[in-house]
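Examination of the molecular architecture
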Amino acid sequence: MMRRKGLIAALCLGLAFVTTGCWDRTELNELAITSATAIDWENGEWVVSYQVVIPSAISAAMTAVGGGAAKLPVVVYSTKSKTIRDAVWRSTLESPRHLFFSHTRVLVVSDAAARHGLAPLIDVYFRNSDSRETVSVLLAEGNARNIIEQLMQIQIIPGDGIEETMRREAAEYSALPNVRVYDLAMDIVSSAKSAVIPEILVSGSPGVTSADALNHTSLTSKLRLGRLAVLSGDRMIGWLSRSESLGVAFMRNKIKATTLSTACGPAERNENTSFRIKRSTTKLKPTKIGGRYVMKVEVKAEGELLETNCPLELNDPKVIKQLETQLESKVKEIIGFSWNATRKMKADIVGFADEIHRQYPKQWKQLKKDWPATFAQIEIEPHVNFTIKRTGLTNKSFKNLTEKD
């Protein structure tokens, strides 16, 4: 028995010598955790900026009252080089810690970098294991570093706050999509070879970049979402307004929830009745008529009445039907408005190429040779079916009640 125990002990000791441990581990106090990254293109070089979290300052920033935080929870610095990854490694010249990108929430790209081409940037994210392709991508007009330098009140770490704002907008208003690096790459290599990126900007001046500037109930400037950047291939070619972006979202079947306003009647202009779209689905059906293609855009949506300043009898089915008709016309108008803007750019950001490729595979072999020109000639036929599911606690508008009194 003793001999057997001795043999087991010797075996365990031998395994301890030949088994490797975490020989390449990096301790937490050796890492610089980045919450946001900015990419600029200046004078033929990539400028990479890092929003690095300072863990020791986060608790102080969260509990500071009156005098402000003694130390900000993030620091921002930049490096530059002819290639993106070389710029990242040059951070060792000025940072005592190794950059850790696995917790990066957002990637902000300048319009100059986007017009130059984003293929090198996407290649970096798919080639290196420490860069996650689930990072949200945003585009800034001007310097991208300015965006990640801006501080936020509600969210201590700005990178987290930007990503949460983007996610919330996509879920509750749906005009701007939450585009991940993976989504961007898939759109660029799709049959349409076009993509979109939401804009982020600093609204107001000067920028809030210090603890003193942050310690006010009203900030001099804030981060906010703006327009929608359009890419043909990996290069940016233009902008769409927020209203145009909403129409694109309808056509791309990206509406999770949104709000629309209409007038009291078809002949009136003042929009004083609001509806909440709670559910919306869109189907694209291409049809070939002679030598041209027509895309049927079939939208089916339902929602509820949020407010009205119209003297409406909401218990009358005819009134409800009239409101539904007005909403259907509104959605058609939004789709048509955004389609005209998109077609002028000859960028298939709505994914018509994928539908035609699927429906007419033989014809697609010829169409793909000059798809932008063919895309610009497509006509659309929007069909909208809207159902009002709920009008609220009362079947009469408050204005109707006061006028009767």
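The structure contained in this document is the topic of the report that follows. Since the structure is predicted, the reported quantities are computational estimates derived from the model, not experimental observations.

Calculation rules
Residues numbered from 1 in each chain as written. Predicted model: local features only at pLDDT ≥ 70, side-chain atom pairs only at ≥ 80, totals over all residues. Heavy atoms only, no water. Salt bridge = Lys/Arg side-chain N within 4 Å of Asp/Glu carboxyl O. Helix = DSSP H or I, 4+ residues; strand = E, 2+ residues; numbered from the N terminus. Buried < 20%, exposed > 50% of the residue type's maximum accessible area, 1.4 Å probe, protein only. Pairing = 2+ DSSP bridges. Axes fitted to C-alpha atoms, helices over the stretch in contact; angles between N-to-C directions. Contact = heavy atoms within 4.5 Å. Disulfide = S-S within 2.5 Å. 1 Å grid on protein atoms, 1.4 Å probe; cavity = no way out; pocket = protein on both sides within 12 Å on 5 of 7 lines; lining within 4 Å. Points joined across faces, edges and corners; volume = space filled by probe spheres on them. Nonpolar A, V, L, I, M, F, W, Y, C, P; charged D, E, K, R; others polar. Phe/Tyr/Trp six-rings, centres within 6.5 Å; stacked < 30°, edge-to-face > 60°. Lys NZ or Arg CZ within 6 Å of the ring centre and 35° of its normal. Expected span 1.5 Å × (residues − 1). Parallel < 35°, antiparallel > 145°, perpendicular 65-115°, else oblique.

Next up on the list: the pattern of salt bridges. As enumerated under the stated definition, the model contains 18 salt bridges in all. A salt bridge links Asp 123 to Arg 127; its shortest N-O distance comes to 2.8 Å. Residue Asp 123 and its partner Arg 127 are located together in helix α5 (residues 119-127), separated by four residues, close to a single helical turn. For Glu 141, the salt bridge identified is with Arg 227, shortest N-O distance 2.8 Å. Placement of the pair is Glu 141 in the loop between β6 (136-140) and α6 (145-149) and Arg 227 in strand β8 (residues 221-232), with a sequence separation of 86 residues.

Glancing now at unusual backbone geometry. Of the consecutive residues Ser 205 and Pro 206, the connecting peptide bond is found in the cis state with omega at -5°. Counting through the fold element by element, Pro 206 comes out in the loop between β7 (194-204) and α9 (211-214). Even without glycine at this site, Lys 193 takes up a positive phi of about 50°. The class of Lys 193 is partly exposed, set by a relative accessible area of 47%.

In this section: helix α10 (residues 242-251). α10 sits mainly inside the fold: eight of its ten residues count as buried. When we look at burial in α10, the residues that qualify are Glu 244, Ser 245, Leu 246, Gly 247, Val 248, Ala 249, Phe 250 and Met 251.

If you walk across this open sheet you meet the four strands as β10-β11-β12-β13, and the pairing is mixed. Strand pairing shows two members of the sheet lacking a second neighbour, β10 (258-263) and β13 (379-390), which therefore form its edges. Recorded for the sheet is a direction-independent mean angle of 40° between the axes of neighbouring strands. Bridging between strand β11 (residues 271-289) and strand β12 (residues 292-308) involves 16 bridges; their strand directions are antiparallel. Bridge pairing in β12 places Lys 285 opposite Lys 296. Set on the sheet, α10 makes contact with β10, β11 and β12; between it and β11 the angle comes to about 55°.

This brings us to the state of the cysteines. Applying the stated criterion to the full structure yields one disulfide. Paired through a disulfide, Cys 264 and Cys 310 show a sulfur-sulfur distance of 1.9 Å. In this structure the cystine formed by Cys 264 and Cys 310 twists about its S-S bond by roughly -90°; its chirality is therefore left-handed. In this pair, Cys 264 sits in the loop between β10 and β11 while Cys 310 sits in the loop between β12 and α11 (317-345), placing the two residues 46 residues apart along the sequence. Cys 264 gets classed as buried once you look at its relative accessible area, which sits at 12%. Cys 310 sits in the buried class, given a relative accessible area of 0%.

Our focus in this paragraph is the layout of surface pockets. Considering only enclosed or pocket space, the largest pocket measures out at about 640 Å³ in volume. Around the largest pocket sit 29 residues that line it, and Asp 187, Arg 252, Asn 253, Lys 254 and Ile 349 are the ones nearest its centre. Looking at the lining of the largest pocket, the elements with two or more residues in it are α7 (158-172), α8 (181-189), β7, β11 and α12 (352-359). For the lining of the largest pocket, the residue count by class is twelve nonpolar, seven polar and ten charged.

A separate point is the packing of aromatic side chains. A complete count under the given rule lists nine aromatic pairs for this structure. Where Trp 41 meets Trp 46, the ring centres are 4.9 Å apart and the plane angle is 65°; that geometry is what we call edge-to-face. Put simply, the rings of Trp 339, Phe 352, Trp 364, Trp 371 and Phe 375 touch in pairs and so form one group of aromatic residues. In this structure, Arg 227 is placed above the aromatic ring of Trp 239, and the distance from its NZ or CZ to the ring centre is 3.9 Å.

Under the 1.5 Å per step criterion, the end-to-end length of α11 is 43 Å for 29 residues, consistent within 8% with the ideal 42 Å. In the segment just after α11, Lys 346 is the residue with positive phi, at about 55°.

It is at 8 Å that the axes of α10 and α11 come closest, and there the two elements cross at 105°. By the criterion of interaxial angle, the relationship of α10 to α11 is roughly perpendicular. Note on element contacts: α11 touches α10 through Val 331, Ile 334, Ile 335, Phe 337, Ser 338, Trp 339, Ala 341 and Thr 342, opposite Ser 243, Glu 244, Leu 246, Gly 247, Val 248, Phe 250 and Met 251. Among the residues forming the contact of α10 with α11, the class breakdown is ten nonpolar, four polar and one charged.

Across all of its chains, the model carries three cavities of 30 Å³ or more by this definition. For the largest cavity, the calculated volume is near 90 Å³. Together, Thr 37, Ile 39, Val 48, Tyr 50, Ile 84, Arg 85, Val 88, Phe 101, Leu 121, Val 124, Tyr 125 and Ser 131 line the largest cavity. If you list the elements that add at least two residues to the lining of the largest cavity, you get β1 (31-42), β2 (45-53), α3 (84-89) and α5. As a volume, the second largest cavity reaches approximately 40 Å³. Lining the second largest cavity are Ser 174, Ala 175, Leu 176, Pro 177, Leu 228, Ser 245, Val 248, Ala 249, Arg 252 and Lys 254. In terms of residue count, α10 provides more of the lining of the second largest cavity than any other element does, three residues in total. Tallied by class, residues from the lining of the second largest cavity come to six nonpolar, two polar and two charged.

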